[in-house]
Amino acid sequence: MSLTELDDGLVRSMSIGAVFSDFGGKIHSVGFHRTDDILVTSSEDDSLRLFDIAHAKQVKITHHKKHGTDRVCFTHHPSSLICSSRYNLESGESLRYLSMYDNRILRYFKGHKDRVVSLCMSPINDSFMSGSLDRSVRLWDLRVNACQGLLHLRGRPAVAFDQQGLVFAIAMEGGVVKLFDSRCYDKGPFDTFLVGGDTAEVNDIKFSNDGKSMLLTTTNNNIYVLDAYRGEKKCGFSLEPSQGTSMEATFTPDGKYVLSGSGDGTLHAWNIENPSEVARWENNIGVVSCLKWAPRRAMFVAASTVLTFWIPNDGETPAPADPPPDQQPPSQ
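Residues numbered from 1 in each chain as written. Predicted model: local features only at pLDDT ≥ 70, side-chain atom pairs only at ≥ 80, totals over all residues. Heavy atoms only, no water.

1. Focus on the pairing of strand β19 (residues 213-218)
Counting buried positions along β19 gives 6 out of 6 residues, so the element sits mostly inside the fold. Both faces of β19 are covered, namely the face carrying Ser 213, Leu 215 and Thr 217 and the face carrying Met 214, Leu 216 and Thr 218. Judged from the 5 bridges that link them, strand β18 (residues 202-207) and β19 form a sheet pairing that is antiparallel. In the sheet register, Asp 204 faces β19, and the bridge partner there is Thr 217. The turn linking β18 back onto β19 is made up of 5 residues, and Gly 211 within it adopts a positive phi angle of 75 degrees. Pairing analysis gives 5 bridges linking β19 to strand β20 (residues 222-227), with the strands arranged antiparallel. Among the inter-strand pairings, Met 214 is bridged to a residue of β20, identified as Leu 226. (Buried < 20%, exposed > 50% of the residue type's maximum accessible area, 1.4 Å probe, protein only. Helix = DSSP H or I, 4+ residues; strand = E, 2+ residues; numbered from the N terminus. Pairing = 2+ DSSP bridges.)

Structure representation (structure tokens):
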């Protein structure tokens, strides 16, 4: 279903439309392509999988036993990805530029000494950012092996570009958010916000499509919606704790709603214009580790060890999972 003007009723009607349950462990990361109806997942079974979200089917799977798969995002090309490693981090090969078309590594990006926990692609050019448990953020260019910029930080960093690619944000422990001009980041942040009262590390940060809001999730299961210009807290939500699972929250494309999982296995949706909970769902797949709303459709995906597609309820029975493709490329 194409994205239309969302309202409380449509959000409340969302229900599971397709289920994919053949993953061999927890799903670490999911990402939509900005302009194509494609979804990528990375999971504990060292696989990367592409899904056609318009037809709710898996179209490609590759395995990566040498380095594993962790954070993943699309480049501008619908069959090219940036993926972080889970294994052999001591070699420095913490990031790979991959072609899903022919299961080929196009480039390694060396520099991080620990696991990458945040990854995002610029919406306007070939640059991308990575944040690592080695307490650094690195800026890269797809065309060059060497790191293009390095920022040393305190604690676990989370990174995000705004939708115009002109600004990027780095969030870290203590509720600190620093904003940088992506064209002259070496001059330091042009603004710094402090989310008062929460000293936990940050799991994730996102900008709304209109650039007016930022969404911050912390390791103690709090969600904050911030004014992206002034850093003021618009609203906040607390969730049930989840042992060993980091929460992810997502904006709807219009920036009016926020969705998140919770440690008790429920999913929640809030209207942030008039802060209130508009929906709560029992998802039946356990605690959700990944959650994202599609950029161009009235749908979102939620994942644990199972991937679910959520669409407005039309009264039909949810579709079963597609079987995995018969042909699987060799492992890397």
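2. Considerations on the environment of Arg 34
Inspection of the secondary structure puts Arg 34 in the loop between β2 (27-32) and β3 (38-43). Leaving out residues up to four positions away in the same chain, Arg 34 has contacts with Pro 123, Gln 163, Pro 295 and Arg 296. Polar side-chain contacts of Arg 34 include one of 3.0 Å to the side chain of Gln 163. (Contact = heavy atoms within 4.5 Å. Polar contact = N/O pair within 3.5 Å; in protein donor to acceptor, adjacent residues only side chain to side chain.)

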